Amino acid sequence: MFSGAQISLYPMTGDFVGVIMSALSALDPYRDRLRIETDDISTLLDGPPEVLFPAMRDLYVAAAN
């Protein structure tokens, strides 16, 4: 089974581009198991839920740090 999520980050900081670009690196370990497509507004993740949900968690944790 595959699941998909289209997610966006909206950090409340003047350096929002830096936060977003830095957080996207948290997805690197998942690139071989997920389809990841990033555009100007959001990122699409598609793959098995046991990989998808930890990837989303890691993205948001990286952005929060």
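Right above here is the structure, for reference.
This text gives an overview of the structure that appears in the document. Computed from a predicted model, the values in this text were never measured in an experiment. (Residues numbered from 1 in each chain as written. Predicted model: local features only at pLDDT ≥ 70, side-chain atom pairs only at ≥ 80, totals over all residues. Heavy atoms only, no water.)

Structural notes on the overall build of the protein chain
Consideration 1: A tally of regular secondary structure across the protein chain gives two helices and three strands.
Consideration 2: For the protein chain, the sequential pattern of α-helices and β-strands runs β-α-β-β-α.
Consideration 3: Over its C-alpha atoms the protein chain spans a radius of gyration of 11 Å, differing by no more than 12% from the 11 Å that the globule rule assigns to 65 residues.
Consideration 4: Dimensions of the protein chain, computed from C-alpha atoms along their principal axes, come out at roughly 40 × 20 × 15 Å.
Consideration 5: With 65 residues in all, the protein chain has 35% of them scored as buried.
Consideration 6: Taking contacts inside the protein chain between residues at least 6 apart in sequence as the whole, the part at least 24 apart equals 59%.
Consideration 7: With the model as given, the accessible surface of the protein chain reaches about 4300 Å², and the carbon-plus-sulfur share is 58%.
Consideration 8: Within the protein chain, the 9 negative side-chain charges are centred at a point lying 6 Å from the centre of the 4 positive side-chain charges. (Helix = DSSP H or I, 4+ residues; strand = E, 2+ residues; numbered from the N terminus. Rg over C-alpha atoms; globule rule 2.2 N^0.38 Å. Buried < 20%, exposed > 50% of the residue type's maximum accessible area, 1.4 Å probe, protein only. Contact = heavy atoms within 4.5 Å. Areas by Shrake-Rupley, 256 points an atom, 1.4 Å probe, with all protein chains shown as cover. Lys, Arg positive; Asp, Glu negative; His and termini not counted. Charge placed at Lys NZ, Arg CZ, Asp CG, Glu CD.)

Overview of the environment of P29
Consideration 1: Inspection of the secondary structure puts P29 in the loop between α1 (16-24) and β2 (35-38).
Consideration 2: Overall, P29 belongs to the exposed group, its relative accessible area being 53%.
Consideration 3: Taking C-alpha positions, P29 is 10 Å from D58, a pair spaced 29 residues apart along the chain.

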